[in-house]
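Residues per chain, in single letters:
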Amino acid sequence: FFILITSLITHLITCMFIFQATFFETSDISTWLSANEEYAEQPPNMQYMSSLYWTIVVSYGNAFAYNDIERVFGLFVMLFGGFLMTYSISIVGSLM
């Protein structure tokens, strides 16, 4: 059950990261998708994989936050990841 919920949350965060990049693509704000032509020219499934990679490792590698909105979103993802790790460790500890 825990793996299913974690996978669902990871998928939602991945989709939100892609959504905010495509939402601001028409404005003057540079996003992770528009700032790197390699990502902009990828098909949607590869953009999803790049975003999933960002979601799992949070801002490591070529896909990283280019504007303040993406940075704040990344901050919340990191805080959520810390909470999830703490929760996971406490569950394992309570089973012992």
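Position numbers for residues start from 1 in each chain and track the written sequence from start to end. Only residues with pLDDT of at least 70 are given local features in this predicted model, and only at 80 or more are side-chain atom pairs given and counted; all residues enter the totals for whole chains, interfaces and linings. Each side-chain value is worked out from all heavy atoms of the structure, with water and hydrogens disregarded.

The next thing to look at is the pattern of salt bridges. When a carboxyl oxygen of Asp or Glu lies within 4 Å of a side-chain nitrogen of Lys or Arg, that pair is called a salt bridge. Applying the stated criterion across every chain, the model contains one salt bridge. Across the pair Asp-68 and Arg-71 runs a salt bridge whose closest N-O atoms are separated by 3.0 Å. With Asp-68 and Arg-71 both in helix α5 (residues 68–95) and three residues apart, this pair spans about one turn of that helix. Note on classification: 1.4 Å probe, protein chains only; a residue is buried when its accessible area is under 20% of the maximum for its type, exposed when over 50%, partly exposed between these limits. Overall, Asp-68 belongs to the exposed group, its relative accessible area being 58%. A relative accessible area of 45% places Arg-71 in the partly exposed class. Each helix corresponds to a stretch of at least 4 residues labelled H or I by DSSP, and each strand to a stretch of at least 2 residues labelled E; elements are numbered beginning at the N terminus.

Take helix α4 (residues 44–57) next. Structural remark: α-helix, 3.6 residues per turn; residues separated by three or four positions point the same way. Helix span is expected to be 1.5 Å times the residue number reduced by one. Its 14 residues place the ends of α4 20 Å apart at the C-alpha level, agreeing with the 20 Å of an ideal helix rising 1.5 Å per residue. All buried positions along α4 are accounted for by Gln-47, Ser-50, Ser-51, Leu-52, Trp-54 and Thr-55. Whether two residues touch is decided by their heavy atoms; if any such pair falls within 4.5 Å, the residues are in contact. Contacts from the buried residues of α4 go to α1 (2–23), α2 (32–35), α3 (37–40) and α5.

Our next topic: the environment of Ile-13. Mapped onto the elements, Ile-13 comes out in helix α1. A sequence separation of 58 residues divides Ile-13 from Arg-71, and the C-alpha atoms of the two residues are 14 Å apart. Ignoring sequence-local partners within four residues, the contact set of Ile-13 consists of Trp-54, Thr-55, Phe-73, Val-77 and Phe-80.

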